[in-house]
Amino acid sequence: MAEEIKEAPEKLPAKKVLANIADNVYESAIEAKARGEKVGWISSNFPQEIPETLGLHCVYPESQAAAISAKGGSLAMLEHAEGDLGFSNDLCAYARISMAYADLGKCPNGEREMPLPDFVLCCNNICNCMMNWYENIGKMLGIPVIMIDVPYNDKYDVDAKRIAYMRGQFDDCIKQLEEITGKKWDENRFAEVCKISNKVGQAWLEATQYMQYEPSPLNGFELFNHMAVATMARGKQESLDGFLQLIDEYKQFVKEHKSTFKVEEKNRVMFEGIACWPFLRATLHPLKHSGTNVTACVYGPSFAFTYGNTDEMMRAYAEMPNAINLERAVELREELCKAGKVNGGLIHNNRSCKMWSGIAPEMGRRIANDLHIPVVTFDGDQSDPRNFSEEQYNTRVEGLLEIMENNKKGE
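Below: a short report on this structure. (Residues numbered from 1 in each chain as written. Predicted model: local features only at pLDDT ≥ 70, side-chain atom pairs only at ≥ 80, totals over all residues. Heavy atoms only, no water.)

Enumeration according to the criterion identifies 22 salt bridges in this entry. Note that Lys 155 and Asp 154 form a salt bridge whose closest N and O atoms lie 3.8 Å from each other. Since its relative accessible area comes to 45%, Lys 155 is described here as partly exposed. With relative accessibility at 48%, the residue Asp 154 sits in the partly exposed group. Here the salt bridges do not stand alone but share partners, grouping Glu 52, Arg 189, Glu 192 and Lys 236 into one network. (Salt bridge = Lys/Arg side-chain N within 4 Å of Asp/Glu carboxyl O. Buried < 20%, exposed > 50% of the residue type's maximum accessible area, 1.4 Å probe, protein only.)

Here you go:
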């Protein structure tokens, strides 16, 4: 009898590969907790190389909050944080969702479950709210809080004093984690993790740069989903493989003049800020309907950490968009706008992220003046659905489109 010929399994598209990697971070942590291992919660811009080197399983409350919000489960969590725990609705919605989850140990809609932590790792290079947020988690659960303070950089470059200040904290963090978990630090493993993390950062940055093509081979909103891997799994080989596959797909699209943006690209804009996760469809639809693609956005590339040595790694973590001064922040956006060949800008005035949104109006004014493009703002929130008006958003987009069309006509 002839041997049955089996077809090779169909290769998954990169977006599915990357989604599986993100899911596995949480599944692995749940399994580790069940085995009795200590697991942690970690802020998105904490030096992930440290827990990765120690072989620790850590999950990301910010990414969890975004996933919960995108699936429509944020309001119940927010109401629990406010009504039952007494937190003000002026606080970051991510923080409120996270503290509600720490109290409940679950999400009402069952989205993105993760184990409660035995320790938390906090870094304030993304916002100062992180310190109080994670301190509250520590108090609620009675667990250690390990904090790395990244000084705000009022100069253009990160100086040696700031690096020395951070180095002491890196060393203390490692020592504390060894004591808490019983794991031992391995410099060779650290070098290996840093090597992979660098390659992941470079690959992710390269993937985001494909927005520069005309037309772009991708819908710019895709990066909000793909960046989860750059956030949560920077030191893993599978992350590198996934991003390299994503690059190959974009390269092929360029060759074939195809795009995941399924309509004719008529306008190209910068989107500034974190996504409105409960309203991804609502924020994308009027742009897509008008043929307006996002081809510049600082949020995605900001997770492309690249460096040569440990000092450079510290410098990279101190150069996050929220840790730099206004002048450099504007320069960073303008470089992306030029590369993305945008003819307009859309700024999310995010009620949750006050540090980011506080300078957003002035950034918008400078970008509009320097690049001679229209820039409009809209009010919203990364997770709280009560702070977004679809009607206002549509009106602002319509105004932006009208100005961009008039500019094309020379009016």
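The geometry of an aromatic ring pair is captured by two quantities: the separation of the ring centres and the angle between the planes. Tallied over the full model, the rule gives 19 aromatic pairs. With a centroid separation of 6.1 Å and 75° between ring planes, the pair formed by Phe 224 and Trp 277 is classed as edge-to-face. With a gap of 53 residues between them, Phe 224 in helix 9 (residues 222-232) and Trp 277 in the loop between strand 5 (267-272) and helix 11 (280-289) connect regions that are remote in the sequence. The pair formed by Phe 224 and Trp 277 is uniform in burial state, with each residue classed as buried. Ring plane angle 25° and centroid distance 4.2 Å describe the contact between Phe 305 and Tyr 317, whose orientation is recorded as stacked. Here Phe 305 is found in the loop between strand 6 (292-296) and helix 12 (310-317), whereas its partner Tyr 317 is found in helix 12, with twelve residues between them in sequence. (Phe/Tyr/Trp six-rings, centres within 6.5 Å; stacked < 30°, edge-to-face > 60°. Helix = DSSP H or I, 4+ residues; strand = E, 2+ residues; numbered from the N terminus.)

Our next topic: unusual backbone geometry. Between Glu 214 and the following residue, Pro 215, the backbone shows a cis peptide bond with an omega angle of -10°. In this fold, Pro 215 is placed in the loop between helix 8 (187-208) and helix 9. Within the chain, His 257 stands out as a residue other than glycine whose phi angle is a positive 55°. Tracing the backbone shows His 257 in the loop between helix 10 (237-256) and strand 5.

Here His 348 is to be found in strand 7 (residues 344-350). In this structure the side chain of His 348 is engaged in a polar contact, spanning 3.1 Å, whose partner is the backbone nitrogen of Asp 381. (Polar contact = N/O pair within 3.5 Å; in protein donor to acceptor, adjacent residues only side chain to side chain.)

For the rest of this paragraph, the subject is empty space enclosed by the protein. Tallying each qualifying case throughout the model produces two cavities of 30 Å³ or more. Approximately 60 Å³ is the volume found for the largest cavity. Taken together, Asn 45, Asn 125, Ile 126, Tyr 299, Ser 302, Phe 303, Met 320, Pro 321, Asn 322 and Trp 356 form the lining of the largest cavity. A class-by-class count of the residues in the lining of the largest cavity yields six nonpolar, four polar and no charged. Approximately 40 Å³ is the volume found for the second largest cavity. Every residue along the wall of the second largest cavity is listed here: Gly 220, Leu 223, Phe 224, Val 294, Cys 297, Gly 300 and Pro 301. (1 Å grid on protein atoms, 1.4 Å probe; cavity = no way out; pocket = protein on both sides within 12 Å on 5 of 7 lines; lining within 4 Å. Points joined across faces, edges and corners; volume = space filled by probe spheres on them. Nonpolar A, V, L, I, M, F, W, Y, C, P; charged D, E, K, R; others polar.)

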